[in-house]
Amino acid sequence: MSEPHPLSLSENPLPRRRRSGCLITLEGGEGSGKSTQVATIRRMLEAVGIEVITTREPGGTPAAEALRETLLAGTFRKLGPEAEAVLFAAARIIHLDDLIVPALAAGTWVVCDRFIDSTRVYQGLVDGLDPHLLDLLETVALGALRPDLTLVLDVDAAIALQRARQRRGAASPDRFEAGDIARYQRIQAGFREIAARAGERCVLVDGARPADVVGHEIENLIARRLFSRLRREKWRKHQDAMAETPVHGAS
Ligand code: ATM
């Protein structure tokens, strides 16, 4: 294959739209139980024979995890919220290019702990950035790709704060964890509003209940919302198995 021209404007070999795996994202404030549910979804999909990877943002690949570490440590805070937003977008581009887009193209399902809605809430609502800047960064990072399903885990701010403190123990909060109940309430309200506005893609799930109850509801939601994709996947697997089965009498 010839080298692309240095000024070529269409070098991305995997257009963001051409894919067969599903992208499921989990959103919600800290202490909403996202990581537990990511593991539940993984088990559910594997049980029906779907190849799945679980990942998180910011992070997911070594380079993006390095950015995560510095972002959460607050190292870039002095550069201002715009620069931080650009760095979150950079981590997302790396994550999409190196992991998510190739996985989806290969038919693997991707379950991601936090994604674009966290940017809207933390950089948009909390840090007060211009939504046009966030639109622009989203377009640069995602092109036409959007999650197939976003589960927004909703937990009352007081419970979320308590869970977060318990989980941290003696460790001090990072750049994004620090804050009082008012901050947690804004974050919860922000995620609720996103779930209401983007009802086609998002479902609000009551995350205050025991993890197994929440997990059961999520399994049902995935089965209902992504039914055709699950069925297509099973059909594809069936066809692959048939193709591998030797035909009697064939020489
Ligand atoms: P987790 O600890 O849930 O992985 O989240 C990391 C932090 O990154 C999270 N903080 N809290 N609480 C929210 C923050 N974050 C953003 O500010 N913008 C983003 O786009 C993403 C993906 C995360």
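This is a predicted model, so every value here is computed, not measured. (Residues numbered from 1 in each chain as written. Predicted model: local features only at pLDDT ≥ 70, side-chain atom pairs only at ≥ 80, totals over all residues.)

Draft legend 1. Local environment of unusual backbone geometry. Residue E57 is joined to P58 through a cis peptide bond whose omega torsion reads -10°. Here P58 is to be found in the loop between β2 (52–56) and α2 (62–73). One non-glycine residue with positive phi stands out, namely R114, at about 75°. For R114, the position within the fold is in the loop between β3 (109–113) and α4 (116–126). Its 21 C-beta neighbours within 10 Å are what place R114 among the buried residues. (Helix = DSSP H or I, 4+ residues; strand = E, 2+ residues; numbered from the N terminus. Buried ≥ 20, exposed ≤ 12 C-beta atoms within 10 Å, placed from the backbone.)

Draft legend 2. Here's a closer look at the nonpolar core. L23, I24, I41, V110, V111, L151 and V152 are the most contacted members of the largest nonpolar core, which has 47 residues in total. Of all the elements, helix α3 (residues 81–105) adds the most residues to this core, at nine residues. If near-sequence neighbours (up to four positions away) are discounted, V152 is found in contact with E27, G28, F191, I194, A195, C202, V203, L204 and V205. (Core = buried A, V, L, I, M, F, W, Y, C linked by C-beta atoms within 7 Å. Contact = placed C-beta atoms within 7 Å.)

Draft legend 3. Main features of the sheet that holds strand β1 (residues 23–27). The sheet built from five strands is open, its strands ordered β2-β3-β1-β4-β5 with parallel pairing. In the strand order of this sheet, the two ends are held by β2 and β5 (202–206), each with one partner. When the angles between neighbouring strand axes are averaged without regard to direction, this sheet yields 20°. With four bridges connecting them, β1 and β3 associate as parallel partners. (Pairing = 2+ DSSP bridges. Axes fitted to C-alpha atoms, helices over the stretch in contact; angles between N-to-C directions.)

Draft legend 4. Layout of α3. With 25 residues, α3 extends 33 Å between its outermost C-alpha atoms, agreeing within 8% with the 36 Å of an ideal straight helix rising 1.5 Å per residue. Regarding α3, the residues found buried are E84, A85, F88, A89, A91, R92, I94, H95, L96, I100, V101 and L104. Looking at the packing, one finds that the buried side of α3 touches β1, α2, β3, α4 and α5 (131–142). Residue G107 follows α3 closely and has a positive phi angle near 90°. (Expected span 1.5 Å × (residues − 1).)

Draft legend 5. Fine view of α2. With twelve residues, α2 should reach 16 Å at 1.5 Å per residue; the first-to-last C-alpha distance of 17 Å fits that figure. Taken residue by residue, α2 has A64, L67 and L71 as its buried positions. The arc that holds the buried residues of α2, viewed along the axis, is 55°, so those residues lie on one side. Residues of α2 that are exposed and point more than 90 degrees away from the buried face comprise P62, E69 and A73. In this structure, the buried residues of α2 make contact with α3. (Arc of directions from axis to C-beta.)

Draft legend 6. Expanded view of the packing of helix α1 (residues 34–47) against helix α8 (residues 211–225). Packing of α1 against α8 brings their axes to within 10 Å, and their N-to-C directions diverge by 50°. Between α1 and α8, the crossing angle belongs to the class labelled oblique. With respect to the hand of their crossing, α1 and α8 are arranged in right-handed fashion. Counting all contacts with α1, which are made through T36, Q37, T40, I41 and M44, the residues of α8 involved are A211, V214, G215, I218, E219 and I222. Class assignment of the residues belonging to the contact of α1 with α8 gives a composition of six nonpolar, four polar and one charged. (Parallel < 35°, antiparallel > 145°, perpendicular 65-115°, else oblique. Left-handed = near helix turned anticlockwise from the far one by under 90°. Nonpolar A, V, L, I, M, F, W, Y, C, P; charged D, E, K, R; others polar.)

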